[in-house]
Amino acid sequence: MTLQRFLCSLLRSPAAVALVVALGAAFALASAWFFQLVVGLAPCPLCLDQRLPYYAAVPIGLLLALVGRSRPEAARLGLWLLAALMAVDAGIAIYHAGVEWRFWEGPTACTGTAPPMVSDIMSALKSTRVPRCDEAAWRLFGVSMAGWNALLALGLAGVAVLGATRRR
């Protein structure tokens, strides 16, 4: 069986598509946690926001994979929800990448444009480094983690849409 035939047959099963999206979301979360815990790159607030749709997509995708075997039409409807979650995540990631490239301003809480604080908190801030949303902490081939996340989320949204619209 060729790869193309395998992928086409996979897309015909809403349960399999839901599982693929759930695994893709789990991969994204595992990657984010790897960079945070192993590599030591602390996430900025926008990075943390990008994780939220994945946290929802993993259990929803797994549930749809279980339900999809006996109720494929229900799973197809659920795939639209997964597509929407991944589209939201892609939107956050594109916004974040635009902030990193200085196409637009980001939230004042994480771009260094917030007014300085003048209380006892100031001494605590001297020893704490808050990650900035407008500085890419890591890039591969010139693309930041936010950019790679946008590509992954768009791909998973596309897979979910294909799975929701394909018939046996």
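Preceding this paragraph is the structure being described.
Note that this is a predicted model, so its numbers are computed, not measured.

## Here's the deal with the side chain of Gln50
Then comes step 1: Its location among the elements puts Gln50 in helix α3 (residues 45-67).
Then comes step 2: Ignoring anything within four residues of it in the chain, the contact list for Gln50 reads Asp89, Ile92, Ala93, His96, Ala146 and Asn149.

## Re a nonpolar patch on the surface
Then comes step 1: A cluster of nonpolar side chains, namely Trp33, Phe34, Leu37, Val38, Val39, Leu52 and Tyr55, defines an oily patch on the protein surface of about 700 Å² accessible area.
Then comes step 2: Counting residues per element, the ones that place at least two in the nonpolar patch are α2 (14-39) and α3.
Then comes step 3: Looking at the nonpolar patch, the element that brings in the most residues is α2, giving five residues.
Then comes step 4: By secondary structure assignment, the location of Val38 is in helix α2.

## Some details on the packing of aromatic side chains
Then comes step 1: Enumeration over the complete set of coordinates arrives at one aromatic pair.
Then comes step 2: Relative to Phe35, the ring of Phe34 has its centre 5.8 Å away and its plane inclined at 85°; by these criteria the two rings are edge-to-face.
Then comes step 3: On the accessibility criterion, Phe34 (41% relative accessible area) is partly exposed.
Then comes step 4: A residue is classified by how much of its surface remains accessible, and Phe35, at 17% relative accessible area, is buried.
Then comes step 5: Lying across the ring of Trp33, Arg51 places its NZ or CZ 4.9 Å from the centre.

Rules behind the numbers
- Throughout this document, residue positions are counted from 1 along each chain, in the order its sequence is written.
- Local features are withheld for residues below a pLDDT of 70 in this predicted model, meaning they are given only at 70 or higher, and side-chain atom pairs are given and counted only at 80 or more; totals for whole chains, interfaces and linings count all residues.
- By convention in this description, side-chain values take in all heavy atoms of the structure and omit both hydrogens and water.
- Helix and strand definitions follow DSSP, with helices as H or I runs of at least four residues and strands as E runs of at least two, each counted in order from the N terminus.
- The contact rule is simple, with two residues in contact once any of their heavy atoms fall within 4.5 Å.
- Each patch is assembled from residues with relative accessible area greater than 30% and no salt bridge, linking like charges that lie within 9 Å and nonpolar side chains (Val, Leu, Ile, Met, Phe, Trp, Tyr) that lie within 5 Å.
- Reported accessibility uses the Shrake-Rupley method at a 1.4 Å probe radius. Residues are deemed covered only where the shown protein chains occlude them.
- Whenever Lys or Arg places a side-chain nitrogen within 4 Å of a carboxyl oxygen from Asp or Glu, that contact is recorded as a salt bridge.
- Side-chain rings of Phe, Tyr and Trp (the six-membered ring for Trp) are treated as a pair once their centres are within 6.5 Å; stacked means planes under 30 degrees apart, edge-to-face means over 60, and tilted covers the remaining angles.
- Type-normalised accessible area, obtained with a 1.4 Å probe on protein chains alone, sets the label of each residue: buried when under 20%, exposed when over 50%, and partly exposed for intermediate values.
- Our definition puts a charge over a ring when NZ of Lys or CZ of Arg is within 6 Å of the ring centre and also within 35 degrees of the ring normal.

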